[in-house]
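Read off the chains here:
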Amino acid sequence: MRLNAKEGIALTNGTQLITSLGAEAVERAYYIARQADVVAALTLEVLKGTSRAFDSDVQMIRPHKGQIAVAKRLRALLHSETHPSQIAESHRFCNRVQDAYTLRCCPQVHGIVHDTIDFVQGVITVEMNSGTDNPIVFAERGEIISAGNFHGEYPAKVLDYLAVAVHELASMSERRIERLVNPALSELPAFLVKDGGLNSGFMLAHCTAAALVSENKALCHPASVDSLSTSAGTEDHVSMGCFAARKAIQVVENVERVIAIELLAACQAIEFLRPLKTTVPLEEVYNVVRSVVRPWDKDRYMAPDIEEVTNLLLEDKIWGAVQHHITYYHAPEEMETRVFSPTAVMIGDKQRERANSESPSKKRRLE
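Each residue is numbered by its place in its chain's sequence as written, counting from 1. Side-chain atom pairs in this predicted model are given and counted only at pLDDT of 80 or more, local residue features only at pLDDT of at least 70, and totals for whole chains, interfaces and linings cover all residues. With hydrogens and water stripped out, all remaining heavy atoms of the structure feed into the side-chain values.

- Looking up the protein chain in an unreviewed UniProt entry gives the name Histidine ammonia-lyase, with the organism given as Cryptotermes secundus.
- Annotation of the protein chain in UniProt includes, under Sequence similarities (unreviewed entry), the sentence "Belongs to the PAL/histidase family."
- UniProt, in the comment section headed Pathway (unreviewed entry), describes the protein chain in these words: "Amino-acid degradation; L-histidine degradation into L-glutamate; N-formimidoyl-L-glutamate from L-histidine: step 1/3." UniProt positions are given in the numbering used here, feature names are shortened, and annotations may be inferred rather than shown by experiment.

1. A word on the nonpolar core
Alright, step 1. Note on terminology: a nonpolar core comprises buried Ala, Val, Leu, Ile, Met, Phe, Trp, Tyr and Cys residues joined through side-chain atoms within 4.5 Å. Under the scheme applied here, a residue whose accessible area is under 20% of the maximum for its type counts as buried, over 50% as exposed, and between as partly exposed, the area being computed with a 1.4 Å probe on protein chains only. Counting 87 residues, the largest nonpolar core has Leu159, Leu162, Val166, Phe202 and Leu263 as the members making the most contacts within it.
Alright, step 2. Every helix listed is a DSSP run of H or I at least four residues long, and every strand listed is a run of E at least two residues long, numbered separately from the N terminus. It is helix H11 (residues 241-271) that provides the largest number of residues to this core, a total of 18 residues.
Alright, step 3. Every residue in contact with Val166, bar those within four places of it in the chain, is listed here: Ala29, Val113, Ile117, Val252 and Val255. Two residues form a contact once any of their heavy atoms are found within 4.5 Å.

2. Overview of helix H14 (residues 317-330)
Alright, step 1. Residue count minus one, scaled by 1.5 Å, sets the expected span of a helix. For H14, built from 14 residues, the straight-helix expectation of 20 Å at 1.5 Å per residue is met to within 8% by its first-to-last C-alpha distance of 21 Å.
Alright, step 2. To obtain the bend at a residue, axes are fitted to the seven residues ending there and to the seven starting there, and the angle between these axes is taken. Residue Gln323 marks the point of greatest curvature in H14, where the axis turns by about 35°.
Alright, step 3. Among all positions in H14, only Ile318, Trp319, Ala321, Val322, His325, Ile326, Tyr329 and His330 are buried.
Alright, step 4. Among the structural elements, helix H2 (16-46), helix H4 (65-77), H11, helix H12 (280-290) and helix H13 (303-314) are those in contact with the buried residues of H14.

3. Here's the deal with the side chain of Glu256
Alright, step 1. Relative to the helices and strands, Glu256 resides in helix H11.
Alright, step 2. Look at Glu256 and you get buried, because its relative accessible area is 3%.
Alright, step 3. Residues in contact with Glu256, not counting those within four places in the same chain, are Arg28, Ile32, Thr310, Leu313 and Leu314.

4. As for the environment of Val181
Alright, step 1. Residue position: Val181 is located in helix H8 (residues 153-181).
Alright, step 2. Under the relative-accessibility criterion, Val181 is labelled buried at 2%.
Alright, step 3. Sequence separation of Val181 and Leu192 is 11 residues, and the distance between their C-alpha atoms is 5.8 Å.
Alright, step 4. Not counting the four nearest positions on each side in its chain, Val181 is found in contact with Ala190, Phe191, Leu192, Phe202 and His206.

5. What about the environment of Ile261?
Alright, step 1. Here Ile261 shows up in helix H11.
Alright, step 2. For the pair formed by Ile261 and Ile177, sequence separation is 84 residues and the distance between their alpha carbons is 7.8 Å.

6. Brief notes about the pattern of salt bridges
Alright, step 1. Salt bridges are counted wherever a side-chain nitrogen of Lys or Arg sits within 4 Å of a carboxyl oxygen of Asp or Glu. Counted according to the given criterion, the structure contains 17 salt bridges.
Alright, step 2. The closest approach of N and O atoms between Arg34 and Asp316, which form a salt bridge, is 2.4 Å. Highlighted residues: Arg34 in helix H2 and Asp316 in the loop between H13 and H14, separated in sequence by 282 residues. The same class applies to Arg34 and to Asp316, which are both buried.
Alright, step 3. In this structure, a network of salt bridges that share partners links the residues Glu24, Arg28 and Glu256.

7. Some words on H12
Alright, step 1. Taken together, the buried positions of H12 are Pro281, Leu282, Glu283, Val285, Tyr286, Val289 and Arg290.
Alright, step 2. Along its buried surface, H12 packs onto H2, H4, H11, H13 and H14.

8. Details of the packing of H2 against helix H7 (residues 106-128)
Alright, step 1. All axes are obtained by fitting lines to C-alpha atoms, using only the stretch in contact for helices, and the reported angles, taken between N-to-C directions, cover 0 to 180 degrees. Remark: H2 packs on H7, axes separated minimally by 10 Å, with the N-to-C direction vectors making an angle of 155°. By the criterion of interaxial angle, the relationship of H2 to H7 is roughly antiparallel. The two elements H2 and H7 meet at a crossing, and its hand is left-handed. Along the contact surface, H2 presents Thr19, Ala23, Val26, Ala29, Tyr30, Ala33, Arg34, Ala36, Asp37 and Ala40, while H7 presents Cys106, His110, Val113, His114, Ile117, Val120, Gln121, Ile124, Glu127 and Met128.
Alright, step 2. Residue composition of the contact of H2 with H7, grouped by class: 13 nonpolar, four polar and three charged. With respect to orientation, any angle under 35 degrees is reported as roughly parallel, any angle over 145 as roughly antiparallel, any angle of 65 to 115 as roughly perpendicular, and every other angle as oblique. Note: crossing handedness is left-handed where the near helix turns anticlockwise from the far helix by less than a right angle, and right-handed where it turns clockwise. Lys, Arg, Asp and Glu make up the charged group, whereas Ala, Val, Leu, Ile, Met, Phe, Trp, Tyr, Cys and Pro make up the nonpolar group; the residues left over, Gly among them, are polar.

This is the structure in structure tokens:
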């Protein structure tokens, strides 16, 4: 390519650096977010949680797009008539009323992350297809206009927003890892290893996840709230967008590592529930992980295993393992399985008849 007059500076004088880094950040965020849903489903399964909180009617009375999508995805992965689970059946008649927030509230927390990624992707896509040079040459009009399209506030602001949102995936994941390794919460061997004391198991893996989440808290401080005047006062407000973009990529990378650790821990937890099987899609996730990482029977250097599973996530292979099962579950239309729970509060027939005959306001209170 041979550049003509003005074309060299036009390629570098706008928001190209911020936008190119931002494009990588939002693309990686998209891939890890949908795989975080899958990993959360696996963790809920091995912690013997319930899918009742993902009931479609629950989502429709607070109909955020991301929340509905995440709940629908979780229903497709967990126990149903389409994909039965022996693990789920094993605790069907337990007396637990509800799960912890990091299990029960996945649609609400993961959902806003998905919605944020969609929003940021829209802004970055517009930015990628925009003219952000200065001055701008309108050849057809025969005019040159000095304007402000170079200002990076748009990508800077949304990339700060992206970092804050995606961080929550790791924040939720680290708490689920805690539940997996803590025998008081999981009813599994401490730190997911036999011969505890002699072996430390997933103790340090959890510390690694906690450290990355804590690092992200600092990285999520927005860069775009800062500005310093330069160029003799002419450039008196700047976006700090390059730092926002660099931080966003670092946050996403840390999230990828934390989700990888949760996935490893959830697969290790399954070993203690055998010979029971989970659902077909989640068994495929387990098989993908076991194709690169063997179970822990005693302590070993964990960094290579975390690296292998992180690469699975980067290559979108966890999503690839379940995508066709999710599609099958929802096609041609979803047949939702509402799992019976003895702890559910049900309205009896007589009470329902009385409710139907009451005034609308009293009926709403009863419901």
